[in-house]
Amino acid sequence: MIEAWSPQDVYAAEAALEDELASGELMARAVEGLAELVAARVAQLGAETVVALVGAGNNGADALYAVAHLAEAGVTCAAAHDPDRVHQGALEAARAAGVVLVTGAEALEDVAEADVVVDGILGLGGRPGLPAEAAAWVAAISDDAHVIAVDLPSGQAADGSAFDPDGVLADETVTFSVAKPVHLLPPTEQACGSLTVVDIGLAFDTAPAVVRLGFDDAADLWPVPGPDDDKYSRGVLGVVAGGERYSGAAVLSVTAAVEAGAGMVRYVGTPTPEGLVRAAVPEAVHGEGRVQAWVLGPGLDTTSTRREATNQLDVARAALAGEEPVLVDAGGLDLVDDAVIEARRDRPTLLTPHAGELATMLTRLGSGPRARSRTEVERAAVEAEPLRHARALADRTGMTVLLKGATTLVVPTDPSEPVRSQADAPAWLGTAGAGDVLAGLVGTLLAAGLAPADAGALGALVHGVAADRASGGGPVRALSVAHGIPAAVAHLLTRR
Ligand SMILES: NC(=O)C1=CN([C@@H]2O[C@H](COP(=O)(O)OP(=O)(O)OC[C@H]3O[C@@H](n4cnc5c(N)ncnc54)[C@H](O)[C@@H]3O)[C@@H](O)[C@H]2O)[C@@H](O)CC1
């Protein structure tokens, strides 16, 4: 599991440890790990020149001390800096080690020619917007350079809230002690490249802000049946999906649920998808009955007035009014109104919108617990600040929100619980029907008794792994992802 703590918690943990250590010891630990990684990369790439971009704070000091180590080892190093705003001790150490200290036009030339750039402009203490001189350094970085960010790519928000296209886009980031939200959250994660965490000994007594499950966590969480289990104890899932317009969604959701190991799937549909499900998934049973959880919505038509469709919608509404855990997806999201929000208070509910659906829901319901502000929310705004908007929907509805995307976010109702962020899927998974598969897979985990946030994060991980294996590096269709779930789960359970 990768765990990320908020900048405030990191500063508090640093302050507590600094009290126990000799002055400068913490930074020395950080610098040692950073210098080791940069040296390894220089050797690996056969790089000839390294340039550090140096800001006013401790982040700049880290970069300066690291290039001082490299210069002592014989690597040609320069440091672009502002002489009036720089850590003087680190500057002296760099000068003594033979680092060429450059400013103005000379700095821009050196940056443009560097094989490796070490970005120490801003770290945890950075406010949005790069200083003008530093922005010019960043613009001068060659496309061919290997960029190593110290702690985080400068210009990107440490809490992961805002991406700056003119900020540093790193090939890799070296962070200290623990990850920070910037490394795990969209939209800033894309600027970090691969992540290395250098242990400097910080300890935390607060919950992390963001967590990302790994394969071992997935193996621990996955519900494995025991000898006393039967189809009922493993979890019966009700699926209300598909209509006369989007009939295939039902096949995809029900297939995924069966492949994910639901004890039984009860399907409620309209004639066309029902015929397809009968033909494609003989394991499914048809019509209502007792279930342990519901999936409501993939391909569901909430506007049809045909008798079969209104009967199907009645089942969905009854499920929303009932006690069992519910996953609400796609068309089902239109059914979530104030009456449903009230009825489902304290009952496990997982909403699974993509960015466009989340924007539509926030526009319709308004944001905040009392829905004071009813303004139009655009899809682009959700994509620019996914966590803020997903949190707004979780606050407004009291329901856990899984926001689908290249990185999937799961936002629990309790703000003190960590946000889950999973990025396990190849981009090929952005294909029609992938969301229907996710709904069936996550619904199965709800029926097995997992809490919504765990079911959402684990389901997103397995969905991504199944897609990765089915893709093999090429295109992948949603049905192949559903059929790939058993092998993906087996891989996770047996690899250690
Ligand atoms: N505190 C510690 O014990 C440790 C800190 N470490 C490093 O220290 C960093 C944090 O250091 P700081 O708190 O000094 O923060 P930063 O190094 O991020 O820099 C903050 C400084 O930059 C200025 N600044 C911030 N945003 C600006 C902007 N947009 N435009 C112009 N100036 C701006 C601030 O006024 C301040 O002087 C971490 O990211 C990490 O690299 C590591 O050495 C590990 C130990």
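For clarity, every value in this text was computed on a predicted model and none was experimentally measured.

### Digging into the overall build of the chain
In terms of helices and strands, the chain carries 20 helices and 18 strands. In terms of overall size, the chain behaves like a compact globule, its C-alpha atoms giving a radius of gyration of 26 Å where 496 residues would be expected to give roughly 23 Å. Overall size of the chain, expressed as C-alpha extent along the three principal axes, is 80 × 50 × 45 Å. Expressed as a percentage of its 496 residues, the buried residues of the chain come to 53%. For the chain, restricting intrachain contacts to residue pairs at least 6 apart in sequence, the fraction spanning at least 24 positions comes to 72%.

### Observations regarding the domain arrangement of the chain
One can read the domain layout of the chain as domain 1 (2–212) and domain 2 (215–494). In this complex, domain 1 contributes 14 residues to the contact, which on the side of domain 2 involves 15 residues. Of the residues forming the side of domain 1 that touches domain 2, the biggest block, three residues, is contributed by strand β9 (residues 210–212). A per-class count over the side of domain 1 that touches domain 2 returns 10 nonpolar, two polar and two charged.

### Things to note about the sheet that holds strand β14 (residues 326–328)
A sheet is described by the order of its strands in space; here 11 strands give the open sequence β1-β9-β18-β17-β16-β15-β14-β13-β10-β11-β12, paired in mixed fashion. Edge positions in the sheet fall to β1 (2–4) and β12 (285–286), since each of these pairs with one other strand and no more.

### Points about the environment of R29
Secondary-structure assignment places R29 in helix α2 (residues 25–45). For R29, a count of 19 C-beta atoms within 10 Å corresponds to the partly exposed category. Residues R29 and T494, 465 residues apart in the sequence, show an inter-C-alpha distance of 37 Å.

### Side note on helix α16 (residues 386–397)
Because an α-helix packs 3.6 residues into every turn, residues spaced three or four apart end up facing the same way. For α16, which comprises 12 residues, the first-to-last C-alpha distance of 17 Å matches the rise-based estimate of 16 Å (1.5 Å per residue) to within 8%. The element α16 is largely enclosed, with a buried count of nine among its 12 residues. Among all positions in α16, only P386, L387, H389, A390, A392, L393, A394, R396 and T397 are buried. Directly after α16, the chain includes G398, whose backbone phi takes a positive value near 70°.

### What to know about the site of the ligand
Around the ligand sit 24 residues, and of these G57, N58, N59, G123 and G125 come closest. Mapped onto the shell around the ligand, the elements with two or more residues apiece are α1 (7–20), α2 and α3 (58–72). Top element by residues in the shell around the ligand is α3. It accounts for four residues. In the shell around the ligand, the residues fall into 10 nonpolar, nine polar and five charged.

### Describing the UniProt feature "binding site: (6S)-NADPHX" (unreviewed entry) in the chain
Here, the residues flagged by UniProt with the feature "binding site: (6S)-NADPHX" (unreviewed entry) are A249, G299, H354 and D436. Following the sequence through the fold, A249 ends up in helix α10 (residues 248–259). Judged by C-beta crowding, with 30 C-beta atoms within 10 Å, A249 ranks as buried. Leave out the neighbours within four places in its chain, and A249 touches A241, G242, P298, G299, G433 and D436. Among the residues examined, G299 registers 29 C-beta atoms within 10 Å and is labelled buried. Residues contacting G299, with those up to four places away along its chain left out, are A241, G242, G243, Y246, S247, G248, A249, A250, A330, G331 and D436.

### Notes on the sheet that holds strand β7 (residues 172–176)
In spatial order, the strands read β4-β3-β2-β5-β6-β7-β8; together these seven strands make up an open sheet with parallel pairing. The two strands at the open ends of the sheet, each matched to only one other strand, are β4 (100–102) and β8 (194–198). Going from strand to strand, the sheet's axes swing by 20° on average, the running direction of each strand aside. Two elements, strand β5 (residues 116–120) and strand β6 (residues 146–150), share four bridges in a ladder whose sense is parallel. Each residue of the ladder has a partner; that of D119, found in β6, is A149.

### Remarks on the packing of helix α18 (residues 452–471) against helix α20 (residues 485–494)
Where α18 contacts α20, the two axes come as close as 9 Å, and the packing angle between them is 110°. With respect to their mutual orientation, α18 and α20 come out roughly perpendicular. Two secondary-structure elements touch here, α18 through V462, V465, A466 and R469 and α20 through I485, A487, A488, V489 and L492. Class assignment for the residues of the contact of α18 with α20 results in eight nonpolar, no polar and one charged.

### Regarding the environment of L333
Locating L333 in the fold gives a position in the loop between β14 and α13 (338–343). Since 21 C-beta atoms lie within 10 Å of it, L333 is described here as buried.

Reading the values: the criteria
Residues numbered from 1 in each chain as written. Predicted model: local features only at pLDDT ≥ 70, side-chain atom pairs only at ≥ 80, totals over all residues. Helix = DSSP H or I, 4+ residues; strand = E, 2+ residues; numbered from the N terminus. Rg over C-alpha atoms; globule rule 2.2 N^0.38 Å. Buried ≥ 20, exposed ≤ 12 C-beta atoms within 10 Å, placed from the backbone. Contact = placed C-beta atoms within 7 Å. Domains from an automatic or database assignment. Nonpolar A, V, L, I, M, F, W, Y, C, P; charged D, E, K, R; others polar. Pairing = 2+ DSSP bridges. Expected span 1.5 Å × (residues − 1). Near = placed C-beta within 6 Å. UniProt positions renumbered as here; feature names shortened; annotations may be inferred. Axes fitted to C-alpha atoms, helices over the stretch in contact; angles between N-to-C directions. Parallel < 35°, antiparallel > 145°, perpendicular 65-115°, else oblique.

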